[in-house]
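Below are the chains, spelled out letter by letter.
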There are 2 protein chains.
Amino acid sequence: MSVQVDHEERRRQIAEALLRIADTQGLQAASMRAVAAEAGVSLRLVQYYFTTKEGLLLDALARLGAQLQARMEQWISAAGSPPTPRGIVTAVLSCILPTDPESRRITRTYAAYYTLVLSDPEVLEKHGARLPELLEGFLTKQIRAAQEVRQIDSGKNPEMTAAGLLAMVNGLGSSVLGGQRTGDAALAILTHHLDELFRSP
Amino acid sequence: MSVQVDHEERRRQIAEALLRIADTQGLQAASMRAVAAEAGVSLRLVQYYFTTKEGLLLDALARLGAQLQARMEQWISAAGSPPTPRGIVTAVLSCILPTDPESRRITRTYAAYYTLVLSDPEVLEKHGARLPELLEGFLTKQIRAAQEVRQIDSGKNPEMTAAGLLAMVNGLGSSVLGGQRTGDAALAILTHHLDELFRSP
DNA sequence: CACGACATGATACGGGTGTACCACGAGAGG
DNA sequence: CCTCTCGTGGTACACCCGTATCATGTCGTG
């Protein structure tokens, strides 16, 4: 070993600088130089730890996904024990909604990446973890479980209900980010729909 | 009058070139030069008709909004006469979903603008017409009307139902654009939820 | 003590960006 | 007939981008 500064720590520092810029100014403002300045290192270092910009972008995206996943697990465990299907579904969905600073940050940063994916879909393939699919499957299972204990009308299609709910939360998040309504208003709308859903027929 | 070429026609030609690029390659690829090339005119002309890039962006956005509005009116009138609330709601919502080439184009281009708004919210103020608010109000009225003729459970809150529906369509559109599911699958999900909504209790 | 791998700094390069400037044809108004 | 304004072309400017190159410092290991 030589000087051996902690590589992982440096990479984290730089990637989080990228995420901070993506959050506050959008991804198009996240140039290598800007990231270097934000992280308080030289341009050369950014190049050194992430040879190419695409590498940096992908690494930061993976970290963002991990942050969101951690947040969701935290919210689920905070939903009380023993966990009820309704509690879990509510926790997962409302934790995605940009209501507090952290979820605002995560949502906004994800939105910044979304455009990137639209203009360059191959980014998506290089980024292994397909979080939305997993989430949708997870929600589907919870809804099915709720149906079995008669908390949700069993006439509803679980897959479609889960997909619709997730899409709705997504859309609500977009409207909050776009300044069309507040996070609390979005949460109220979500809650209203969950109330309708979890209603013994 | 002098040579007097048709200004409006030229502006339209250029703005639509911008929209075409925003659709196929994203807004960040829509440089003045690229727009000029796409429109088949010189860079100088783009500058001449739209002094600044922001002007071009805003003008094109207004045209895009008009296109969407025209499409919606067309779909509504195609929903049959006399129009039923359910027909109108279905028409409005499904016409936004990216199922055919035109709606794919419109949705994708709107998505391209969305990021722009996120990173620079003042664009939104300069762009007068706030289409989503209008749409939401319109949907709310339709839902209320459906409640009065007992086609929708009157226990539901019309504003929140409309907002949720719109957000869901928005989110479904995003997932289609992101390649997560097909337009038809999204339409099926929407239809399933409309079936649940329009069900005499 | 010396060598070599690792870590970092400074700077250069080619290209793309929005905007500004200058020149020139053509038709209208005096 | 002259002149002036409108429409248009070409090109230059200053800046920012991602990446590459060269140089240097710093330490563990032989």
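*Asks:* Please provide a residue-by-residue account of the nonpolar core, values included.
*Replies:* Within soluble globular proteins, side chains that are nonpolar generally end up buried alongside one another. Among the nonpolar cores identified, the biggest contains 110 residues, and Leu18(A) and Leu18(B) are the most heavily contacted of them. Excluding residues within four positions of it along the chain, Leu18(A) makes contact with Leu27(A), Ala30(A), Val35(A), Leu56(A), Leu57(A), Ala60(A) and Tyr113(A).

*Asks:* Before we move on, can you summarise the relation of the copies chain A and chain B with the specific residues and values?
*Replies:* Expressed as a screw transformation, the operator carrying chain A onto chain B has a rotation angle of 180° and an axial translation of 0.0 Å, and the superposed copies differ by an RMSD of 0.1 Å. Both copies are brought into coincidence by an operation consistent with a two-fold rotation axis. In terms of C-alpha distance to the rotation axis, chain A has Met168(A) as its closest residue, with the C-alpha 1.8 Å off the axis. With an isologous cut-off of 70% or more, the 97% of interface residues of chain A that recur at the interface of chain B puts this contact in the isologous class.

*Asks:* Outline the interface of chain A and chain B, supporting the account with residue identities and numerical values.
*Replies:* Residue-level contacts link 36 residues of chain A with 35 residues of chain B. The three residues of chain A that bury the most area against chain B are Tyr114(A), Met160(A) and Gln180(A), which together make up 17% of that side's buried surface. The interface formed by chain A and chain B contains six salt bridges. Across the pair Glu196(B) and Lys156(A) runs a salt bridge, and its minimum N-O distance is 2.8 Å.

*Asks:* Break down helix H2 (residues 32–39) of chain A for me, with residues and values.
*Replies:* Given 3.6 residues per helical turn, the α-helix brings residues three or four places apart onto the same face. All names here are of chain A. The set of residues buried in H2 consists of Met32, Val35, Ala36 and Ala39. Buried residues in H2, looked at end-on, bunch into an arc of 100°, giving them a common side. For H2, exposure combined with an orientation more than 90 degrees from the buried face picks out Arg33 and Ala37. If you follow the buried residues of H2, they end up packed against helix H1 (7–25), helix H3 (43–49) and helix H4 (53–77). Following H2 by one or two positions, glycine 40 adopts a phi angle in the positive range, close to 75°.

Analysis parameters
Residues numbered from 1 in each chain as written. Chains lettered and ligands numbered in written order. Predicted model: local features only at pLDDT ≥ 70, side-chain atom pairs only at ≥ 80, totals over all residues. Heavy atoms only, no water. Core = buried A, V, L, I, M, F, W, Y, C linked by side-chain atoms within 4.5 Å. Buried < 20%, exposed > 50% of the residue type's maximum accessible area, 1.4 Å probe, protein only. Contact = heavy atoms within 4.5 Å. Least-squares fit on C-alpha atoms with pLDDT ≥ 70 in both. Buried area = accessible area lost by both parts, 1.4 Å probe. Salt bridge = Lys/Arg side-chain N within 4 Å of Asp/Glu carboxyl O. Helix = DSSP H or I, 4+ residues; strand = E, 2+ residues; numbered from the N terminus. Arc of directions from axis to C-beta.

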